[in-house]
Amino acid sequence: MTSKQRAYLKSLASTMDSVFQVGKSSLTSEWIDAVKGVLETRELIKINVLKNCMDDPKEIANSIASCTRSEVVQVIGRKIILYKQADEKEKRAIILPK
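Residues numbered from 1 in each chain as written. Predicted model: local features only at pLDDT ≥ 70, side-chain atom pairs only at ≥ 80, totals over all residues. Heavy atoms only, no water.

### Focus: the nonpolar core
In terms of nonpolar packing, the biggest core is built from 17 residues, with Trp31, Ile45, Ile47, Ile64 and Leu82 touching the most fellow members. Sorting the residues of this core by element identifies β1 (20–22), α2 (29–42), β2 (44–49), α3 (57–68) and β4 (79–83) as the ones contributing at least two each. Among all residues touching Ile47, those that are not within four sequence positions of it are Ser18, Phe20, Val22, Trp31, Ile64, Arg78, Lys79, Ile80 and Leu82. The next biggest cluster of nonpolar side chains, apart from the first, holds eight residues, and it includes Met16, Leu44, Ile81 and Ile94. (Core = buried A, V, L, I, M, F, W, Y, C linked by side-chain atoms within 4.5 Å. Buried < 20%, exposed > 50% of the residue type's maximum accessible area, 1.4 Å probe, protein only. Helix = DSSP H or I, 4+ residues; strand = E, 2+ residues; numbered from the N terminus. Contact = heavy atoms within 4.5 Å.)

The following block contains the structure:
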């Protein structure tokens, strides 16, 4: 992902609300499955890591990205932004600049 594409995705995510929250139970297989489903439909999501979660947000972001085959756009504080391009061209809502 280029810096131009990353900046574009950051600008889109700035107005979004968090779709998921990671709490004290951290990551579970059911939670990961739910994230996969939402990534398929939305392509770009924002996740909030709650204060009662003792894990590092960057480590959580990398774990989620590897499990869902998505890319970490940005981790700021306790906010994670993930992007996964839709498999089918007809379902792609976000067109990245080149």
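### Comments concerning the packing of aromatic side chains
What the rule picks out here adds up to one aromatic pair. Judged by centre distance (5.5 Å) and plane angle (65 degrees), the rings of Phe20 and Trp31 are edge-to-face. Of this pair, Phe20 sits in strand β1 while Trp31 is found in helix α2, placing the two residues 11 residues apart along the sequence. Like Trp31, Phe20 is buried. (Phe/Tyr/Trp six-rings, centres within 6.5 Å; stacked < 30°, edge-to-face > 60°.)

### Regarding the environment of Thr68
Turning to its location among the elements, Thr68 is positioned in helix α3. Linking Thr68 and Glu90, residues 22 residues apart in sequence, is a C-alpha distance of 21 Å. Dropping the residues within four chain positions of it, Thr68 is found in contact with Ile32, Val35, Lys36, Leu39 and Lys84. A distance of 2.7 Å separates a polar atom in the side chain of Thr68 from the backbone oxygen of Ile64. (Polar contact = N/O pair within 3.5 Å; in protein donor to acceptor, adjacent residues only side chain to side chain.)

### Side note on unusual backbone geometry
In this structure, Glu43 takes a positive phi of about 75 degrees despite not being glycine. Note on placement: Glu43 falls in the loop between α2 and β2. Taking relative accessible area as the criterion, Glu43 reaches 0% and is therefore assigned buried. Of note in the backbone geometry, Arg69 takes a positive phi value of approximately 60 degrees without being a glycine. Counting through the fold element by element, Arg69 comes out in the loop between α3 and β3 (71–76).

### Some points on α2
Taking 1.5 Å per residue, 14 residues should reach 20 Å; α2 reaches 20 Å between its end C-alpha atoms and fits that length. Of the residues making up α2, those classed as buried are Trp31, Ile32, Val35, Val38 and Leu39. Looking straight down α2, one finds its buried side chains confined to an arc of 125 degrees; they lie on one side. For α2, the exposed residues set more than 90 degrees away from the buried face come down to Glu30 and Thr41. Against the buried residues of α2 lie β1, β2, α3 and β4. A positive phi of about 75 degrees marks Glu43, the residue just after α2. (Expected span 1.5 Å × (residues − 1). Arc of directions from axis to C-beta.)

Everything listed here is a matter of coordinates, which is why it stays silent on function.
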